[in-house]
Amino acid sequence: MSDALPVYTGPERILSGMQPTGGLHIGNYLGALKHWVRLQEGKADCFYCVVDMHAITVAHDPADLPGRVRAAAAAYLAAGVDPSRSAVFAQSAVPAHAELAWIFQCVARLGWLERMTQFKDKAGKDAERASVGLFTYPVLQAADILIYKATHVPVGEDQKQHLELSRDIAARFNRDFGAGEAVLPLPEPVIPPSGAGARIMSLKDGTAKMSKSDPSDNSRINLNDDADTIARKIKKAKTDAEPLPASTAELDARPEARNLVGLYAALTGVSAQAVLDDHAGQGFGAFTPKLAEIAVEFIAPIAGEYARLIADPAEIDRILTSGAERARAAAEPVIAQVRGLVGYWKG
Ligand code: TYM
């Protein structure tokens, strides 16, 4: 795919989003949300959306969706996203996402989408029965990003392939319609270093990603879990019979041990090696209660703030409404430029 492109020299812009699929968990926080909060400290404009259009690519209950959007927005705010600095909004409230997604469907190649591993995972064995929307999901994601000409996208490691597709779409668009100009920037993923929360694994299976869609709630720590629930889940987490080793290389064949050490490291802001330096030789009987205590302390303020926010849906709606206005204003000139470049009738 095209690489010799002009360099984009526009302003830095941050965009990211999460699906409103049940409550958010500590993987969402450590992989992405934490960095959303960090990035809003800089000069760049930040756009953080709840991707309700992505949520309808699978069966859903329309009556539940608005509540799920509010819950996700409340989790963003509880984690520290500041609506006076960052636009917090529902994706569906900015129609330009859908309009750009259509244009990108005509830019992206079938072969590019056929390589997307998340579609294969999500569609399962019966891909023929999956919605077309689930297949083109990453194209809408590219539109989410590029409708703001976002330059940086803070996400967990599992989104890396989707970000590569967004770059390919931007590059192809520039080549086909940009007349030599880098109209759309090639967005950079901002992914935490591995071992620092880029990919938190399930508490029940160290080889599976911690996920909102896992049927077992014990597999994840939710951002609104209470102290007893967190402690119970961590104490019941899958471990192995060996004591903790002295070096991280020795964790390679021990996925559950590696995950719990990684979680401890990410929550305390130290390296996995530093955790092992302090705990080598200890069994999980000693280690997991300490991890539980740290997780409880970490989540408590977020869960408290979430409970306060979710009790006031009118306030969340006010924030979502004003975020959508800001997002629409930012998207408008970009969609106007793109419409012109593809040659739509001007009327
Ligand atoms: P979603 O809703 O699955 O996840 C939201 C964010 O959380 C990160 N994440 C994790 N990080 C570490 N460990 C985990 N176990 C873990 N699980 C999830 C994800 O990497 C993500 O950053 N396609 C996206 C949503 C999306 C989007 C966008 C993201 C739609 N449009 C535009 C960025 C830009 C998704 O399904 O994320």
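Our structure's up above, just so we're on the same page.
Right, let's walk through the structure included here. All residue numbers refer to positions counted from 1 along the written sequence of the respective chain. With pLDDT at 70 or above as the cut-off, local features in this predicted model cover only qualifying residues; side-chain atom pairs require 80 or more to be listed or tallied, and sums for whole chains, interfaces and linings still use all residues. Neither water nor hydrogens contribute to the side-chain values; these are computed over all heavy atoms in the structure.

**Some details on the pattern of salt bridges**
A side chain of one charge can pair with a side chain of the opposite charge when the charged atoms of the two come close. One side-chain nitrogen of Lys or Arg within 4 Å of one carboxyl oxygen of Asp or Glu is enough to make a salt bridge. Taken as a whole, this structure holds 17 salt bridges when the rule is applied. The residue aspartate 225 makes a salt bridge to lysine 233 at a minimum N-O spacing of 2.6 Å. Of the two residues examined, aspartate 225 and lysine 233, each falls in the buried class. Here glutamate 315 and arginine 318 are joined by a salt bridge, their closest N and O atoms 3.1 Å apart. Residue glutamate 315 and its partner arginine 318 are both found in helix α13 (residues 313-342); the two are separated by three residues, about one turn of the helix. According to the relative accessible area criterion, glutamate 315 is partly exposed, its value standing at 29%. Salt bridges linked by common partners bring Asp217, Arg220, Asp225 and Lys233 together as one network. Each residue is placed in one exposure class: buried if its accessible area under a 1.4 Å probe, protein chains only, is under 20% of its type's maximum, exposed if it is over 50%, and partly exposed if it falls in between. Helix and strand definitions here come from DSSP, where helices need a minimum of 4 consecutive H or I residues and strands a minimum of 2 consecutive E residues; each element is numbered from the N-terminal end.

**Brief notes about the packing of helix α1 (residues 26-39) against helix α10 (residues 255-268)**
Geometry is summarised by axes, namely lines fitted to C-alpha atoms with helices restricted to the contacting stretch, and by angles between N-to-C directions that run from 0 to 180 degrees. Following both chains from N to C, one finds α1 and α10 inclined at 45 degrees, their axes separated by 12 Å at the closest point. Of the possible angle classes, the one that applies to α1 and α10 is oblique. Along this stretch, α1 crosses α10, giving a crossing that reads as left-handed. Between α1 and α10, the contacting residues are Ile26, Leu30 and Lys34 on the first element and Leu263, Ala266 and Leu267 on the second. Three classes are used: nonpolar for Ala, Val, Leu, Ile, Met, Phe, Trp, Tyr, Cys and Pro, charged for Asp, Glu, Lys and Arg, and polar for all others, with Gly counted as polar. Here the contact of α1 with α10 is built from residues that sort into five nonpolar, no polar and one charged. The labels follow the angle: roughly parallel below 35 degrees, roughly antiparallel above 145, roughly perpendicular from 65 to 115, and oblique for the rest. In this scheme the handedness of a crossing depends on how the near helix is turned from the far one: anticlockwise by less than a right angle means left-handed, clockwise means right-handed. Two residues form a contact once any of their heavy atoms are found within 4.5 Å.

**Examining the site of the ligand**
Residues are counted as near a molecule or strand when any one of their heavy atoms sits within 4 Å of it. Of all residues adjacent to the ligand, which total 28 residues, the nearest are Tyr137, Gln141, Asp144, Asp158 and Ile200. For the purposes of these results, a polar contact is taken to be a pair of N or O atoms within 3.5 Å, where, inside protein, one atom must be able to donate a hydrogen and its partner to accept one; residues adjacent in sequence count only when each atom of the pair is a side-chain atom. The separation between a nitrogen atom of the ligand and a polar main-chain atom of methionine 210 is 3.0 Å. Between the ligand and the protein, one listed contact pairs an oxygen atom with a side-chain N or O atom of lysine 212 at 3.0 Å. Note on areas: these come from Shrake-Rupley sampling with a 1.4 Å probe, and a residue is covered only by the protein chains present in the view. In the complex, 97% of the free accessible area of the ligand, which totals 710 Å², lies under the protein chains. Of all the secondary-structure elements, those providing two or more residues to the shell around the ligand are β1 (13-18), α1 and α7 (132-146). The class makeup of the residues in the shell around the ligand is eleven nonpolar, twelve polar and five charged.

**Focus on the pairing of strand β3 (residues 86-90)**
Every regular strand shows the same layout, with side chains that alternate between the two sheet faces. Counting buried positions along β3 gives five out of five residues, so the element sits mostly inside the fold. Burial along β3 is two-sided: Ser86, Val88 and Ala90 facing one way and Ala87 and Phe89 facing the other are all buried.

**Some points on helix α8 (residues 160-177)**
Helix span, as expected, comes to 1.5 Å for every residue beyond the first. Here α8 contains 18 residues, and its C-alpha end-to-end distance of 26 Å stays within 8% of the 26 Å for a straight helix at 1.5 Å per residue. Alanine 179 occupies a position one or two residues after α8 and carries a positive phi of about 50 degrees.

**Focus: the nonpolar core**
Nonpolar cores are built from buried Ala, Val, Leu, Ile, Met, Phe, Trp, Tyr and Cys residues. Side-chain atoms within 4.5 Å join them into one set. Grouped together as the largest cluster of nonpolar side chains are 63 residues, with contacts concentrated most on Leu33, Tyr76, Leu263 and Phe287. When neighbours within four sequence positions are excluded, leucine 263 is seen to be in contact with Ile26, Leu30, Ile200, Leu203, Ile221 and Leu291. Ranked by size, the runner-up nonpolar core spans 47 residues in total, among them Ala96, Ile147, Val155 and Ala324.

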